[in-house]
Amino acid sequence: MSQRADGRDELFRRMYADNFDLVLGYVLRRVRHTEDAADVVAETFLVAWRRLSDVPDGDDARLWLYGVARRTLANQRRGESRRTALGERLRHDLAGVAPDPADDVVAEQTLRTAVATLRPDDREVLLLSLWEGLEPREIAVVLQCSAIAVRTRLSRARGRLRGALGNDPPPDGHLPGKHPLLAREEGR
Amino acid sequence: MTDWPNPFPHQAVCDLPLSHARVELLEEIMSTPVLDQVDRAAAPRRTPPRWLAAAGAAAAVVATVSIPLALDAVHEPAGRPGSPAASGGVAADARRAVLDQPGWTVEHVSETADDGQIEYASGGRRLSIMWRTGALYQTFALDRQAIGPSKAVELLGLPSRQWAYDASDHTTIRPVQNGSTLEVRGSGMDEAAYRTLLGELRLVDDAGFAAALPESVVTPGEVRATVARMLADVPVPLGFDQAELGISGFNTRFYVGAGAVRAVVCAWVEVYAGAPAKASAALSGARDWVVLQELAVDGSFAEFVHETADLMRSGEPAAAVKLQSGCAAAETGVSRG
């Protein structure tokens, strides 16, 4: 194998190691059945492997991968994605060990139901902020739209949830507690 | 406050016993041929700007940190709002800060009664100045402890705390003075450059802030006239009062326009319950509204209007339109979450 190929392999291995859990988490939070995450994760990293030269360096890779995973998820939901031959063991292991989000307690189900009333774009903006801890401008990279559009959608999503839950979501940004996000200009 | 459960917190994902599966998948993927041009449509088209690397790195790092920390480790405010010690000779309404440096331009400004932000950019460097009501000081200072150790620095004359997200991304929180606290974050520059910029900041009162802004920013005194112009070709329901929009502070035009249009649309959503044809007709011409063309330049806000119009056109029940449009809990002013 050439040195160039070795370098490429090493680059991918490092990127994979750095981002596997992040991408898996992103996908697990969005699939109905945990084992379905295996296909999306496999497809996402397969795209990255094929297009490694397009993957940004360092932590920017995460945003790029989220963008790919998001589109792969969308295709899966529309029934357009093929069942990948890769990741069979991951599928098997996930089915065996990961908790199923559908088994949430009532309070969580209430929130889940409320979130489900959001339009897909608004929901994704909100979840990227709350769960992935992204700033509007990072979300904009994932969704390929402007940061201002993200802020608008975030505001709209919060308004809807406020109406649906009769309660305020937590403030945007770098939150205290278990989801330490980057506050900055979040939500504006 | 509503609990926001994360069904799969990051640490829980990391703890999953998937080591064999992840290695197997890696090898499977790397055994496939490399086809540089496939799946292009599935990937983002844009490469994130370099400054995002810093923020991304910070997010990735802090996401794995267990947070609980003692509040007493937070730098305490130097004084209480309104106290002589806290005021330090600073004008009571000097709660904002600005940067006057050649090459730095104002990217956006937004403000509510309680908080606000101005963001500057210069090439790949960004400086965000955020002011907040003093009641939020402890919340943010405690939260920033999760970043890591902090340094004692002086910011605008007060002992403050500085954290480093990484070598090119720093933030500093200034304690409460005159009822407000400041946070300044600089990205895309090293600490020395960041600290230099901190030294160039100056506190400003309302007049000073207005003077430091580009003409394009809408001042409180300009809101009414600006909204009137923005809504000139927008049909509004009988009784709609622009004075009740609740837009306050200094804002770039997008926020003023978005707040005004949102209020109009939500007013029509109210009308829709009793006069669906009238409301639907009012929004049917939204694609021609000049203000939406301006807002569309900055994002997809127009989608909100068009999708609401589509809901009405398709005869959705009033309650569904209200919920799906986001008007169920509509605020009449600029809503920033």
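What counts as what
Residues numbered from 1 in each chain as written. Chains lettered and ligands numbered in written order. Predicted model: local features only at pLDDT ≥ 70, side-chain atom pairs only at ≥ 80, totals over all residues. Helix = DSSP H or I, 4+ residues; strand = E, 2+ residues; numbered from the N terminus. Contact = placed C-beta atoms within 7 Å. Buried ≥ 20, exposed ≤ 12 C-beta atoms within 10 Å, placed from the backbone. Axes fitted to C-alpha atoms, helices over the stretch in contact; angles between N-to-C directions. Parallel < 35°, antiparallel > 145°, perpendicular 65-115°, else oblique. Nonpolar A, V, L, I, M, F, W, Y, C, P; charged D, E, K, R; others polar. Pairing = 2+ DSSP bridges. Left-handed = near helix turned anticlockwise from the far one by under 90°. Core = buried A, V, L, I, M, F, W, Y, C linked by C-beta atoms within 7 Å. Expected span 1.5 Å × (residues − 1). pLDDT = per-residue confidence, 0-100. Arc of directions from axis to C-beta.

Turning next to the overall build of chain B. Scanning chain B for helices and strands turns up 13 helices and nine strands. Residue pairs at least 24 apart in sequence account for 65% of intrachain contacts in chain B once pairs closer than 6 positions are excluded.

Turning to the overall build of chain A, a few remarks are in order. Within chain A, the secondary structure is distributed over eight helices and zero strands. N-terminal to C-terminal, the α/β element order of chain A is α-α-α-α-α-α-α-α. In chain A, buried positions account for 59% of the 188 residues.

With that out of the way, let us pick up the packing of helix H9 (residues 253-274) of chain B against helix H12 (residues 301-313) of chain B. Residue and element names in this part refer to chain B. Running from amino to carboxyl end, H9 crosses H12 at an angle of 10°, the nearest separation of the two axes being 10 Å. Of the possible angle classes, the one that applies to H9 and H12 is roughly parallel. Note on element contacts: H12 touches H9 through Phe301, Val305, Thr308 and Met312, opposite Ala258, Val261, Val265, Val269 and Tyr272. For the contact of H9 with H12, the per-class residue count stands at eight nonpolar, one polar and no charged.

Once that is clear, we can look at the pairing of strand E6 (residues 158-166) of chain B. All names here are of chain B. Here six bridges tie strand E5 (residues 150-155) to E6, and the two strands are oriented antiparallel to one another. Bridging from a neighbouring strand, Glu154 pairs with Pro159 of E6. Hairpin connection between E6 and strand E7 (residues 169-177): a loop of two residues separates the two successive antiparallel strands.

Residues and elements named next belong to chain B. Remark: H9 packs on helix H10 (residues 276-284), axes separated minimally by 7 Å, with the N-to-C direction vectors making an angle of 155°. With respect to H10, the axis of H9 lies roughly antiparallel. Handedness of the crossing formed by H9 with H10: left-handed. Judged by residue contacts, Val265, Trp268, Val271 and Tyr272 of H9 engage Pro276, Lys278, Ala279, Ala282 and Leu283 from H10. Across the contact of H9 with H10, the residue classes tally to eight nonpolar, no polar and one charged.

Looking now at the nonpolar core. Residues Val27 and Val41 of chain A together with Trp268 of chain B are the most contacted members of the largest nonpolar core, which totals 121 residues. Here the element with the most residues in this core is H9 of chain B; it accounts for 15 residues. Other than its neighbours up to four places away in sequence, Val27 of chain A contacts Ala37, Val40, Val41, Ala69 and Leu73 of chain A. In terms of nonpolar packing, the next biggest core, distinct from the first, is built from five residues, Tyr137, Phe140, Ala141 and Ile173 of chain B among them.

With that settled, consider helix H2 (residues 36-50) of chain A. The end-to-end C-alpha separation of H2 of chain A is 22 Å, in line with the 21 Å expected for 15 residues at 1.5 Å each. With 14 of 15 residues buried, H2 of chain A is to be regarded as a mostly interior element.

Attention shifts here to the sheet that holds strand E8 (residues 180-187) of chain B. Strand pairing in a sheet is mediated by backbone hydrogen bonds. Such pairs are either parallel or antiparallel. Residues and elements named next belong to chain B. Pairing is antiparallel across the open sheet formed by seven strands, whose spatial order is E2-E3-E4-E8-E7-E6-E5. Looking along the sheet, the strands with just one partner apiece sit at the ends: strand E2 (105-111) and E5. On average, adjacent strands in this sheet sit at an angle of 20° to one another, irrespective of strand direction. Bridge count between E2 and strand E3 (residues 115-122): six bridges; the pairing is antiparallel. Paired with Ser110 across the two strands is Gln117, which belongs to E3.

Looking now at the environment of Ala210 of chain B. Of note, Ala210 of chain B is situated in helix H7 (residues 206-212). A sequence separation of 40 residues divides Ala210 of chain B from Phe250 of chain B, and the C-alpha atoms of the two residues are 8.0 Å apart.

Let's shift gears to the confidence of the model for chain B. Residues and elements named next belong to chain B. Averaged over all residues, the pLDDT of chain B is 76; the fraction at 70 or higher stands at 75%. Every residue in residues 36-88 is under pLDDT 50, and counting partners more than four places away or in other chains gives 129 contacts. Low pLDDT, under 50, characterises residues 329-337; the predicted model gives this stretch 34 contacts beyond four residues in sequence or across chains.

Right, let's talk about unusual backbone geometry for a bit. In this structure, Leu156 of chain B is a non-glycine residue whose phi angle is positive, near 50°. Mapped onto the fold, Leu156 of chain B is located in the loop between E5 and E6.

Let us now look at helix H8 (residues 223-230) of chain B. Residues and elements named next belong to chain B. By the burial criterion, the buried members of H8 are Val223, Val227 and Met230. Summarising the axial view, the buried residues of H8 lie within an arc of 65°, below the 170-degree limit, and thus occupy one face. In this structure, H8 carries Ala225 and Ala228 as exposed residues pointing more than 90 degrees from its buried face.

What follows concerns the environment of Ala273 of chain B. Residue and element names in this part refer to chain B. Here Ala273 shows up in helix H9. Exposure remark for Ala273: the 13 C-beta atoms within 10 Å place this residue in the partly exposed category. The spatial distance from the C-alpha of Ala273 to the C-alpha of Val321 is 9.2 Å, given a sequence separation of 48 residues.

Here we come to the confidence of the model for chain A. Detailed conclusions should not be drawn from predicted coordinates in areas where pLDDT is low. Residue and element names in this part refer to chain A. Put simply, chain A has an average pLDDT of 73, and 67% of its residues get 70 or more. Mean pLDDT across the elements of chain A bottoms out in helix H5 (residues 106-116) (62) and peaks in H2 (90). Confidence over residues 100-104 falls short of pLDDT 50; this stretch has six contacts with residues more than four positions distant or in other chains. Every residue in residues 167-188 is under pLDDT 50, and counting partners more than four places away or in other chains gives 76 contacts.

Before going further, it helps to examine the environment of Val47 of chain A. Tracing the backbone shows Val47 of chain A in helix H2. In this structure, the C-alpha to C-alpha distance between Val47 of chain A and Val68 of chain A, residues 21 residues apart in sequence, is 7.7 Å.

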